[in-house]
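A closer look at the structure
Here are the chains, one letter per residue:
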Amino acid sequence: MFTTTFSGELINVALRQLGATRIVETRNGIMYKVEFKLSDDLTVTYVFDVTKHDKYYIQRIAPYPISHGDFASADEVIEFVRRDITKFRNAMQSHNFPKFLETAHAMVRFTHAVELMFLERNIPEEDMDAVRRSIENSLDQVREIYGRTPKIEKIDKK
């Protein structure tokens, strides 16, 4: 337990140096909530767990929820957050950023609707196939747009 608490505190110090505006320890040194207030309109919030084996699990919960999975070290967590915050700062400069956030929120609503449908209804196979095809078509469209548009700014790897 001491090692886990120590690892969490090391990450906290590094995240404050990156500009974290609020860090809350929610479960005795094993779960943390970290906020970065990037503007009056945007706060990026993460939750991360430190396991008893000093492995880390991180999720971004705001401005929209997305899991980013397991990390093997505190340094990996810090580097991920540093790059993620840099990407958000870059993206905020786009005139399309509010539309991006609307789209991200629509994806979250879509995921919840699909989950509810599949968990609570006996969906015919042809309807399941139609939903999957629609998702695959949307994914293909996103990949095509991604492939033909320029990067906002290259993220340094330090």
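Below or above, wherever it landed, is the structure these notes cover. (Residues numbered from 1 in each chain as written. Predicted model: local features only at pLDDT ≥ 70, side-chain atom pairs only at ≥ 80, totals over all residues. Heavy atoms only, no water.)

1. What to know about the pattern of salt bridges
Applying the stated criterion to the full structure yields five salt bridges. Arg-82 is the salt-bridge partner of Glu-79, the closest N and O atoms lying 2.7 Å from each other. Here the residue Glu-79 and the residue Arg-82 both occupy positions in helix α2 (residues 74-91), the gap between them amounting to three residues, near one helical turn. When its relative accessible area of 26% is taken as the criterion, Glu-79 is described as partly exposed. The class for Arg-82 is buried, based on a relative accessible area of 10%. (Salt bridge = Lys/Arg side-chain N within 4 Å of Asp/Glu carboxyl O. Helix = DSSP H or I, 4+ residues; strand = E, 2+ residues; numbered from the N terminus. Buried < 20%, exposed > 50% of the residue type's maximum accessible area, 1.4 Å probe, protein only.)

2. Description of helix α3 (residues 97-120)
When the terminal C-alpha atoms of α3 are compared, their 35 Å separation across 24 residues agrees well with the 34 Å that a helix rising 1.5 Å per residue should span. Buried within α3 are the following residues: Phe-97, Leu-101, Ala-104, Val-108 and Val-114. On the buried face of α3, the contacting elements are α2. (Expected span 1.5 Å × (residues − 1). Contact = heavy atoms within 4.5 Å.)

3. Brief notes about the nonpolar core
Ile-11, Leu-15, Phe-36, Tyr-46, Phe-48, Ile-58 and Val-81 are the most contacted members of the largest nonpolar core, which has 30 residues in total. If you list the elements that add at least two residues to this core, you get α1 (2-17), β2 (31-37), β3 (43-50), β4 (56-62), α2 and α3. The greatest single-element share of this core, amounting to eight residues, is contributed by α2. Ignoring anything within four residues of it in the chain, the contact list for Ile-58 reads Tyr-46, Val-47, Phe-48, Ser-67, His-68, Gly-69, Phe-71, Val-77, Phe-80 and Val-81. (Core = buried A, V, L, I, M, F, W, Y, C linked by side-chain atoms within 4.5 Å.)

4. Quick word on the layout of surface pockets
Taken as a whole, the largest pocket spans an internal volume of roughly 1,900 Å³. Lining the largest pocket are 36 residues, and of these Tyr-64, Phe-100, Val-142, Ile-145 and Tyr-146 lie nearest its centre. Among the elements of the structure, β5 (66-71), α2, α3 and α4 (125-148) are those that each provide at least two residues to the lining of the largest pocket. With nine residues, α4 is the largest single contributor of residues to the lining of the largest pocket. Here the residues of the lining of the largest pocket sort into 18 nonpolar, nine polar and nine charged. The wall of the second largest pocket is formed by Tyr-64, Pro-65, Ile-66, Ala-104, Met-107, Val-108, Phe-110, Thr-111 and His-112. When its residues are assigned to classes, the lining of the second largest pocket shows seven nonpolar, two polar and no charged. (1 Å grid on protein atoms, 1.4 Å probe; cavity = no way out; pocket = protein on both sides within 12 Å on 5 of 7 lines; lining within 4 Å. Points joined across faces, edges and corners; volume = space filled by probe spheres on them. Nonpolar A, V, L, I, M, F, W, Y, C, P; charged D, E, K, R; others polar.)

5. With respect to the packing of aromatic side chains
For the coordinates displayed, the defined rule picks out eight aromatic pairs. Between the aromatic rings of Phe-36 and Tyr-46, the centroid separation amounts to 6.1 Å while the plane-to-plane angle is 85°, which identifies the pairing as edge-to-face. With Phe-36 in strand β2 and Tyr-46 in strand β3, this residue pair connects regions lying ten residues apart in the sequence. Of the two residues, Phe-36 and Tyr-46, both sit in the buried class. Among the aromatic side chains, those forming a connected cluster through ring pairs are Phe-36, Tyr-46, Phe-71 and Phe-80. (Phe/Tyr/Trp six-rings, centres within 6.5 Å; stacked < 30°, edge-to-face > 60°.)

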